[in-house]
Amino acid sequence: MKRSAHAVSLTTGMLTTRARMLPSFLIVGAQRCGTTSLYRALSRHPLIFKPVLRKGVHYFDVSYDRDLSWYQAHFPLKATAQRLERRHGHRVQAFESAPYYLFHPLAAARIAWNLPGVKLIVLVRDPVERAASAHAHELARGFETEPSFERALDMEDARLAGEAERLRESPNYLSHAHRHHAYVARGRYAEQLNRMELLVGRDRLLVLDSGAFFREPDPVYDRVLEFLGLPRLGDPVFEVHNAQPRTSEMPPSVRRRLGAHFAPWDSVLQQWLGAVPSWHR
């Protein structure tokens, strides 16, 4: 039924594409860093419109073989936004959340080309914990077949070998391993942020520490609204979404190994956060 409803909605959207909004900001990552929780909180703001049925449309990573009108069909009507703009005196903004955008090697260039002026929001967390959370998440969804986190880490380099290059060389290529098995690679946040900065500019990137968001969500939420140029209207509800239980504790040796790997990347990340990451305090 959900698929049928989406098909009907998308067909209607395609017939009214020119009358629909395009996003003015995106939550682009990182995976397992609280993007759903922030998405839900922002979706309740009366001047922020989410996609009609999906949290993430995934146009700029796995659906770029379609045209921009297909993407635009997923968003609300401009007429609806205009009524709210007249009431509140501020521009309504549409957005989506797709955490693969940050990691996909072509997504940043596509976003910059199709959405000039768009603002991007990135959440980051302890990359060691993110890696373990991602493995549990992919295992639960059936996209990972190796139940041992340590073994999956050992397999990562072989699984991802050449995949980023194939994605760049063949724009319509889809890589299961690159999307679902990049437990360590996705945690090198600074590497991905530097690529984004080159294409969209640093002033259009807001990087948030997920630890701070979950500890004290209100000031982080206010910072997001300031970045977007929107007033605070009402009191948002902050909830934790998509928490994935672990089947076992991470061995201390694995934690030390990952911590040593991420240490230099976390050091560079301080420039983006303006502070020491919460997991190092």
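Residues numbered from 1 in each chain as written. Predicted model: local features only at pLDDT ≥ 70, side-chain atom pairs only at ≥ 80, totals over all residues. Heavy atoms only, no water.

A separate point is the overall build of the protein chain. For the protein chain, the count of helices and strands is 15 helices and five strands. Against the globule reference of 19 Å for 281 residues, the protein chain gives a C-alpha radius of gyration of 19 Å, in line with a compact fold. When the backbone C-alpha atoms are referred to their principal axes, the protein chain occupies close to 60 × 40 × 40 Å. Counting every position in the protein chain, which comprises 281 residues, the buried fraction comes to 52%. Long-range pairs, those at least 24 residues apart, make up 77% of the contacts in the protein chain between residues at least 6 apart in sequence. As displayed, the protein chain offers around 13500 Å² of accessible surface, 52% of which is attributable to carbon and sulfur atoms. Distance between charge centroids for the protein chain: 7 Å, based on 39 positive and 29 negative side chains. (Helix = DSSP H or I, 4+ residues; strand = E, 2+ residues; numbered from the N terminus. Rg over C-alpha atoms; globule rule 2.2 N^0.38 Å. Buried < 20%, exposed > 50% of the residue type's maximum accessible area, 1.4 Å probe, protein only. Contact = heavy atoms within 4.5 Å. Areas by Shrake-Rupley, 256 points an atom, 1.4 Å probe, with all protein chains shown as cover. Lys, Arg positive; Asp, Glu negative; His and termini not counted. Charge placed at Lys NZ, Arg CZ, Asp CG, Glu CD.)

Looking now at the environment of D266. For D266, the position within the fold is in helix α15 (residues 252-273). Residues D266 and G187, 79 residues apart in the sequence, show an inter-C-alpha distance of 9.3 Å.

As a further point, take the pattern of salt bridges. When the charged atoms of two side chains with opposite charge come close together, those side chains can pair. According to the stated counting rule, one finds 10 salt bridges in the structure shown. We note a salt bridge from E191 to R188, for which the minimum N-O separation is 3.5 Å. For E191, a relative accessible area of 38% translates into the label partly exposed. E197 is paired through a salt bridge with R202; the nearest N and O atoms lie 3.4 Å apart. Its relative accessible area of 26% is what places E197 among the partly exposed residues. Taken together, the shared-partner salt bridges in this structure form one network comprising D218, D222 and R232. (Salt bridge = Lys/Arg side-chain N within 4 Å of Asp/Glu carboxyl O.)

Turning next to the UniProt feature "domain: Sulfotransferase" (unreviewed entry) in the protein chain. UniProt tags residues 24-231 as "domain: Sulfotransferase" (unreviewed entry). The distance from the first to the last C-alpha atom of residues 24-231 is 16 Å, and the span holds 53% helix and 11% strand. (UniProt positions renumbered as here; feature names shortened; annotations may be inferred.)

A large share of strand β1 (residues 25-29) lies buried, amounting to five of its five residues. As paired strands, β1 and strand β3 (residues 93-97) are joined by three bridges and run parallel to one another. Looking across to β3, one finds that I27 is bridged to S97. (Pairing = 2+ DSSP bridges.)

Next up on the list: the sheet that holds strand β5 (residues 205-209). Sheet architecture is open: five strands sit in the order β2-β3-β1-β4-β5, paired in parallel fashion. Unpaired on one side and paired on the other, β2 (48-49) and β5 mark the two borders of the sheet.

Our focus in this paragraph is the packing of aromatic side chains. One pass over the structure, following the stated rule, counts 13 aromatic pairs. Residues Y59 and W70 carry aromatic rings whose centres are separated by 6.1 Å and whose planes lie at 35 degrees to one another, so their mutual orientation is tilted. In this pair, Y59 is assigned in helix α3 (residues 59-62) and W70 in helix α4 (residues 68-72), connecting sequence segments 11 residues apart. Seen in terms of ring centroids, F60 and Y64 are 6.3 Å apart; in terms of plane orientation they differ by 35 degrees. Their pairing is tilted. By way of ring pairs, the aromatic residues Y59, F60, Y64, W70, Y71, F75 and Y101 are connected into one cluster. Here the basic side chain of K119 rests over the ring of F227, its NZ or CZ set 5.0 Å away from the ring centre. (Phe/Tyr/Trp six-rings, centres within 6.5 Å; stacked < 30°, edge-to-face > 60°. Lys NZ or Arg CZ within 6 Å of the ring centre and 35° of its normal.)

This next bit is on the nonpolar core. Judged by nonpolar contacts, the single largest core of 58 residues is most densely connected at L26, L42, Y71, Y101 and I121. Per-element tally for this core: the top contributor is helix α14 (residues 217-228), with six residues. Among residues more than four places away in sequence, those in contact with L26 are F60, Y71, E96, Y101, I111, L115, V118, K119, L120 and I121. Membership of the second largest hydrophobic core comes to 13 residues, among which are A132, Y183, V184 and V254. (Core = buried A, V, L, I, M, F, W, Y, C linked by side-chain atoms within 4.5 Å.)

Turning next to the pairing of β3. Counting buried positions along β3 yields five of five residues, so the element is predominantly enclosed. Residues Q93, F95 and S97 line one face of β3 and the alternating positions A94 and E96 line the opposite face, and both faces are buried. As judged from the two bridges shared by β2 and β3, these two strands associate in the parallel manner. The residue bridging F49 from the neighbouring strand is A94, located in β3.

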